[in-house]
Amino acid sequence: MAAAAVPGRARRGTPMYSQKELTSKKRDEFEDILEERRLSSDLRYAMKCYTPVIYKGLSPCKPNAIKTAVLQSEQVQYVIKQLAKEMGESPDIIQEEATEILDEMGHSMQLGAVRFFAFTLSKIFKQLFQRVCVNEEGMQRLQHAIQEHPVVLLPSHRSYVDFLMLSYLLYTYDLALPNGYAPIEFFLEGTRSRTAKTLTPKFGLLSIVMEPFFKREVFDTYLVPISISYERILEESLYAYELLGVPKPKESTSGLLKARRILSDNFGTIHIYVGQPVSLRTLASGRINLCPYNLVPRHLPQKPSEDIQEFVSDVAYKMELLQIENMVLSPWVLVAAVLLQNLPAMDFELLIEKTVWLKGLTQTFGGFIEWPDNLCAKKAVTSALALHSNIARLVNGHVVLNDKGEEDGAVGEIVFKRALAILMCGNYRNQLLNVFVRPSLVALALQMTRSFRKEEVYSCFSILRDVFSDEFIFFPGISLKDFEEGCFLLTKCDAIQTTQQEIYLTDKGSVIVSFLSAMFRPFVEGYQLIFRYLSKETREAFTEKQFVPGVRNFVFQLLEKGNTQCYEALSSDMQKNALAALVQMGAVKKKKMSNGFTYNVNSEAVNKILDVFDARIPVQKPVAARL
């Protein structure tokens, strides 16, 4: 499709996106680091000689020396004086507060404690997981990068296990644990994703770690995306309860005992893919002007220019897209995607057939699938069902969700339990959506517009991309490229054929487009319900704390009456994302108040967006997708 045919807003500077990234690439092989742990002593492992390499430009120093250097730095002293002046306090009082903060943030890095945790984690991980697989080549690249440049580790965040596993990994490979003179580590997403979809990035910490490069205090900084994939997530049921409004349990003795019971369960395999280190200097080359930083003393805080803010944003999105690219998909992810389109029950043999079909489509789209060695499709699906028997089970030749409430229970109880099972299953299907989102939005646009004209399909695609901008990760400002990628992948699997001005569905394509549209239908229908609630039920300003239970009750009542089957609209994650999208699109006004934010709905604008959905895809009960 020619760029001139459909205009798209371009991003300033050199783009960080390439069509070459759409082709399949060779990925590193995995090694199971628990295999050796099962064959040798954990005590010997913990007491091994631990002499991690560090950045060649630094010399190791004691934690107290690091704290003193930070506290006495020009930057911190400047901030202390400014705060003392603004608050009318003595600089000594502010300095005492800063010291307390540093003591809380700092580390002692006692080798004895490190060895104790290495021993303990080795015992726990062997009990919880069948395998912990790591790409050895990635670890070798990381070791080299740590010696040559300051390194920032950017892992994905799906579980509390993430930071424990990463520390365990670094110790295993004799690399320095994150501290004052070793790699910096933080989560771009800010918090754990409760839905297994990558959260939109937070820019604050990334901007801080990039600042020394902007100020030319370091020659370069390497950013290392790390993808941590779970075959089964420890917090899967906790997340589903949280999304349905049940508060997180408080820490207690009973909670500790329940946590100990987890050790008798099986959570499958973890895959950790350490990505190629990305040079910040290379990304910035020809893109940003660092001269303004030369005009201000380095210790003075400086608000980043618009160009710098845009650059930080682009880097954050690029890192998250690299994380997504190397996330490993298990057979259960495919099973969950097929099963959710064929509720309440699906023939076991048909499930196997469709899972194999989806495996091929996922690989065509560039998905990273780890299929169990030497296992036929039937055994792989059976193994996946056994691992996730708390979510689905095989009954009389059919696979069903564990979603049944008490037979004589209240309707509300039945709805809640069914929603719980669907959200838990959806958590795994969502891992597939990262791979499928662009071709699927093209498929949805084809169905919604009922047109073959490329310009009309692209227009609808752009609206869907904007509406779902907080659900999925899209690189800013390249809507046209995302559309081209979607068309490219659909053409690659022989679903569509394109000319300069038109898109045609092939005979084979109707099956693929129907499946892709059905996979994303919960989001389309869920947003319809949320928009309808906002346009009809809200007349005055409201807070997020009022909005979430309000829309949840609205959807719950529809489910109880049988007026919708979209259980995923009960998810607080979907509700908050829909509200955020409307704010970005100007249909809802967000206003900062002393006690938080309030929202005002522009009903006319919301109704216009709702019309785009309602006129083409009416809310309906789900029908089985026929492949």
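Further up the page is the structure itself.
The text that follows walks through the structure, step by step, so that each part is easy to find. These numbers were taken from a predicted model, which means no experiment stands behind them.

## Remarks on the packing of helix 3 (residues 63-71) against helix 5 (residues 91-105)
Helix 5 packs onto helix 3 with a crossing angle of 145° between their chain directions and a minimal axis gap of 11 Å. Viewed along their axes, helix 3 and helix 5 form a crossing whose handedness is right-handed. Contacts between helix 3 and helix 5 pair Lys67, Val70 and Leu71 from the former with Gln95, Ala98, Thr99, Leu102 and Asp103 from the latter. Taken together, the residues that form the contact of helix 3 with helix 5 break down as four nonpolar, two polar and two charged.

## As for a nonpolar patch on the surface
Together, Val79, Leu83 and Met87 make up a nonpolar patch on the protein surface, roughly 240 Å² of accessible area in all. Tracing the sequence through the fold places Val79 in helix 4 (residues 74-87). Of the residues examined, Val79 reaches a relative accessible area of 38% and is grouped as partly exposed.

## What about the packing of helix 19 (residues 454-467) against helix 20 (residues 479-492)?
Orientation of helix 19 relative to helix 20, taken along the N-to-C sense of each, is 115°, at an axis distance of 10 Å. In this view, helix 19 runs roughly perpendicular relative to helix 20, as classed from their interaxial angle. For helix 19 against helix 20, the interelement crossing comes out right-handed. Across the interface between the two elements, Lys454, Val457, Tyr458, Phe461, Ser462 and Arg465 of helix 19 pack against Ser479, Leu480, Asp482 and Phe483 of helix 20. Looking at the contact of helix 19 with helix 20 residue by residue, the class counts come to five nonpolar, two polar and three charged.

## Here we look at a negative patch on the surface
A surface patch of like charges, here negative, comprises Glu29, Glu31, Glu35, Glu36 and Glu137. On the secondary structure map, Glu29 appears in the segment before strand 1 (30-32).

## Description of the pattern of salt bridges
Enumeration over the complete set of coordinates arrives at 22 salt bridges. Among the salt bridges present, the one from Lys576 reaches Glu544, with a minimum N-O distance of 4.0 Å. Placement of the pair is Lys576 in helix 23 (residues 572-584) and Glu544 in helix 22 (residues 544-561), with a sequence separation of 32 residues. For Glu544, a relative accessible area of 33% translates into the label partly exposed. Bridged by salt links that share partners, the residues Arg37, Asp42, Lys123 and Lys126 form one connected network.

Procedures and definitions
- Residues numbered from 1 in each chain as written.
- Predicted model: local features only at pLDDT ≥ 70, side-chain atom pairs only at ≥ 80, totals over all residues.
- Heavy atoms only, no water.
- Axes fitted to C-alpha atoms, helices over the stretch in contact; angles between N-to-C directions.
- Helix = DSSP H or I, 4+ residues; strand = E, 2+ residues; numbered from the N terminus.
- Left-handed = near helix turned anticlockwise from the far one by under 90°.
- Contact = heavy atoms within 4.5 Å.
- Nonpolar A, V, L, I, M, F, W, Y, C, P; charged D, E, K, R; others polar.
- Patch = residues over 30% accessible without salt bridge, like charges linked within 9 Å, V, L, I, M, F, W, Y side chains within 5 Å.
- Areas by Shrake-Rupley, 256 points an atom, 1.4 Å probe, with all protein chains shown as cover.
- Salt bridge = Lys/Arg side-chain N within 4 Å of Asp/Glu carboxyl O.
- Buried < 20%, exposed > 50% of the residue type's maximum accessible area, 1.4 Å probe, protein only.
- Parallel < 35°, antiparallel > 145°, perpendicular 65-115°, else oblique.
- Lys, Arg positive; Asp, Glu negative; His and termini not counted.
- Charge placed at Lys NZ, Arg CZ, Asp CG, Glu CD.

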